[in-house]
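Commentary on secondary and tertiary structure
Spelled out from the first residue to the last, the chains are:
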Amino acid sequence: MQQKIIHIDADCFYAAVEMREQPQLRGRPMAVGGSSERRGVLTTCNYEARRFGLRSAMSSAQALKLCPQLLILPIRMPLYKEVSAQMRNIFADYTDLIEPLSLDEAYLDVSQSPAQGGSATNIAKEIRKRVERNCGITVSAGVAPNKFLAKVASDWNKPNGLTVIAPEQVEDFVRQLDVDKIHGVGKVTSQKLHKLGIYNCEQLRQVGKLQLSKHFGSFGQRLFELAHGRDDRKVINQRKRKSLSVERTFDQDICDRQMCLTKIPELMQELAKRLQHIDKQKIKNAFVKVKFNDFNSTTLELAGTTAKSEDYKKLLQQALLRSERPVRLLGLGVRFKDESQQQLRLFD
Ligand code: TTP
Ligand code: MG
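Residues numbered from 1 in each chain as written. Chains lettered and ligands numbered in written order. Predicted model: local features only at pLDDT ≥ 70, side-chain atom pairs only at ≥ 80, totals over all residues. Heavy atoms only, no water.

A few words now on the overall build of the chain. The secondary structure content of the chain amounts to 15 helices and 12 strands. Along the first, second and third principal axes, the C-alpha set of the chain runs to 70 × 60 × 35 Å. Taking all 348 residues of the chain together, the buried fraction comes to 45%. Contacts spanning at least 24 positions in sequence make up 63% of the contacts within the chain whose residues lie at least 6 apart. For the chain, the computed accessible surface area is about 18,400 Å², with 50% contributed by carbon and sulfur atoms. Separation between the mean location of the 56 positive side-chain charges and that of the 40 negative ones in the chain comes to 2 Å. (Helix = DSSP H or I, 4+ residues; strand = E, 2+ residues; numbered from the N terminus. Buried < 20%, exposed > 50% of the residue type's maximum accessible area, 1.4 Å probe, protein only. Contact = heavy atoms within 4.5 Å. Areas by Shrake-Rupley, 256 points an atom, 1.4 Å probe, with all protein chains shown as cover. Lys, Arg positive; Asp, Glu negative; His and termini not counted. Charge placed at Lys NZ, Arg CZ, Asp CG, Glu CD.)

Below you can see the structure in the form of structure tokens.
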């Protein structure tokens, strides 16, 4: 059966999260990394900085030489992990088949997804919109019949781009594709290919499987397949979704406990929307999550409920007693019954 794969990759991820936190950084070259005094390197930089030739893994000292006005911010992993989890939460609304490659990158197999009338392109559009609205960063997406092409596609119109390679476009797309765009073709292979006069996939095809194997071993065979746009790797299944939650990170941390409680109705509304297609019988319990401004978080659960407003109020009141610190994030969610366990019980 025809696969529909979406590959998502956030744009200058760590830098984008920092720009979201401090909007005054937008429009000027900035990076995230270690300081030049300590022989640090850039983890990434925004697109303004890339115009100066700056790249991930470049030493901070070298970067400052190329771009003296560069601002280098320290790395804040907990923050990036939080945004990554929020992104995955959005992906999980469309499919259980999600394969994360890193914090900011994932493959989604939406072949069976009923969302958007089954249109992978419209699912990708909706995901891009929702990530931008909820996480304050942009992601680029590629839609294609397999993993290889979806990844090439997400990179095609970066930043903030969407590229779709429909099955009938694969042939034309792949013929003109630069061999350097193939994942796994690094500097060495690329130079070797260029020496053989091979720059694009059309030329790669003409060389033939046998010659390619001779020069590149088993990778040569793979190159031949990819040059035809063929890739049968599956998206490696993530565990089945065990919970669904909505959460809000506040622009300003909230000190007032009463004020936190007033946030419940709007979160409830969002939760209800997300739960509309889900059988309420599957819900096992309700939980709240509170993250304090020191990034410590706590969750509190209530079993045997269908997630009512009063339940969340009670849970939240209790959870808020666990720290005196201002509140950074609030979440409401439900956990689902384990269906495999239910199945087993039937046979007991
Ligand atoms: P990438 O997706 O490779 O890069 P990016 O998101 O910063 O930029 P692009 O728009 O080109 O996708 O990596 C994701 C994050 O991983 C990146 O923001 C920082 C981190 N990272 C490192 O820490 N070291 C590295 O060498 C690279 C490449 C990334
Ligand atoms: Mg990225």
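The environment of ligand 1 is formed by 13 residues, the closest being Cys 12, Thr 44, Tyr 47, Arg 50 and Asp 104. Asp 9 places a side-chain nitrogen or oxygen 3.2 Å from an oxygen atom of ligand 1. Elements with a contribution of two residues or more to the shell around ligand 1: strand E1 (5–10), helix H1 (13–21), strand E3 (42–45) and helix H2 (47–50). Residue composition of the shell around ligand 1, grouped by class: five nonpolar, three polar and five charged. (Near = heavy atom within 4 Å. Polar contact = N/O pair within 3.5 Å; in protein donor to acceptor, adjacent residues only side chain to side chain. Nonpolar A, V, L, I, M, F, W, Y, C, P; charged D, E, K, R; others polar.)

Attention shifts here to the packing of helix H4 (residues 77–91) against helix H5 (residues 120–135). Interhelical geometry of H4 versus H5 gives an angle of 145 degrees and a closest axis separation of 10 Å. By crossing handedness, the relation of H4 to H5 is classed as right-handed. Contacts between H4 and H5 pair Val 83, Gln 86, Met 87, Ile 90 and Phe 91 from the former with Ile 127, Arg 130, Val 131, Asn 134 and Cys 135 from the latter. Taken together, the residues of the contact of H4 with H5 break down into seven nonpolar, two polar and one charged. (Axes fitted to C-alpha atoms, helices over the stretch in contact; angles between N-to-C directions. Left-handed = near helix turned anticlockwise from the far one by under 90°.)

Here we take up the coordination of the magnesium ion (ligand 2). Protein coordination at the magnesium ion (ligand 2) comes from Asp 9 (OD), Ala 10 (O) and Asp 104 (OD), with a distance range of 2.0 to 2.3 Å. Of note is the magnesium ion (ligand 2), whose six donor atoms meet at the metal with angles of 81 to 177 degrees in an arrangement that counts as octahedral. Here the donor residues for the magnesium ion (ligand 2) map to a single chain with the spacing D-A-x93-D. One end of the pair, Asp 9, is in strand E1; the other, Asp 104, is in the loop between strand E5 (98–102) and strand E6 (105–109), with 95 residues separating them in the sequence. Of the two residues, Asp 9 and Asp 104, neither departs from the other in class, the shared state being buried. (Donors = N, O, S within 2.8 Å, 3.2 Å for Na, K, Ca; no water. Tetrahedral: all angles 85-135°; square planar, octahedral: opposite > 155°, others 65-115°.)

Here helix H10 (residues 209–216) crosses helix H11 (residues 218–227) at 140 degrees, and the two axes come no closer than 6 Å. Considered as vectors, H10 and H11 are oriented oblique to each other. Judged by the sense of rotation from one axis to the other, the crossing of H10 with H11 is right-handed. For the pair H10 and H11, the contacting residues are Lys 209, Leu 212, Ser 213 and Phe 216 in the first and Ser 218, Phe 219, Gly 220, Gln 221, Leu 223, Phe 224 and Glu 225 in the second. Each residue belonging to the contact of H10 with H11 can be placed in one class, and the counts come to five nonpolar, four polar and two charged. (Parallel < 35°, antiparallel > 145°, perpendicular 65-115°, else oblique.)

This part is about the side chain of Asp 109. Note on placement: Asp 109 falls in strand E6. As a buried residue without a salt bridge, Asp 109 has its nearest oppositely charged side chain in Lys 234, at a separation of 6.8 Å. Not counting residues up to four positions away in its chain, the partners in contact with Asp 109 are Gln 3, Lys 4, Ile 5, Thr 95, Leu 97 and Val 235. (Salt bridge = Lys/Arg side-chain N within 4 Å of Asp/Glu carboxyl O.)

Time to look at H11. Turning to H11, its buried residues number three or more, namely Gly 220, Leu 223, Phe 224, Leu 226 and Ala 227. For H11, the angular spread of buried residues about the axis comes to 165 degrees, placing them on one side. Against helix H6 (147–156), helix H7 (170–175), helix H9 (201–207) and H10 lie the buried residues of H11. (Arc of directions from axis to C-beta.)

As a further point, take the environment of Lys 195. Positionally, Lys 195 belongs in helix H8 (residues 187–195). The class of Lys 195 is exposed, set by a relative accessible area of 80%. As a C-alpha pair, Lys 195 and Arg 128 span 67 residues in sequence and 40 Å in three-dimensional space.

Two numbers describe a pair of aromatic rings. These are the distance of the centres and the angle of the planes. Enumeration according to the criterion identifies four aromatic pairs in this entry. When the ring centre of Tyr 47 is taken as origin, the NZ or CZ atom of Arg 50, which lies over that ring, is 4.2 Å away. Above the ring of Phe 287, the side-chain terminus of Arg 335 is found at 4.1 Å from the ring centroid. (Phe/Tyr/Trp six-rings, centres within 6.5 Å; stacked < 30°, edge-to-face > 60°. Lys NZ or Arg CZ within 6 Å of the ring centre and 35° of its normal.)

A separate point is the pattern of salt bridges. Oppositely charged side chains can form a pair if their charged atoms are brought close together. Per the counting criterion, the structure on display carries 22 salt bridges. We note a salt bridge from Glu 82 to Lys 291, for which the minimum N-O separation is 2.6 Å. Highlighted residues: Glu 82 in helix H4 and Lys 291 in strand E10 (residues 283–292), separated in sequence by 209 residues. Each member of the pair, Glu 82 as well as Lys 291, carries the same accessibility label: buried. Of the charged contacts, one joins Asp 231 and Arg 222 as a salt bridge, the two residues approaching to 3.5 Å between their closest N and O atoms. Of the residues examined, Arg 222 reaches a relative accessible area of 30% and is grouped as partly exposed. Sharing partners across several salt bridges, the network here consists of Glu 171, Arg 175, Glu 202 and Arg 205.

Just distances and angles here, no functional claims.
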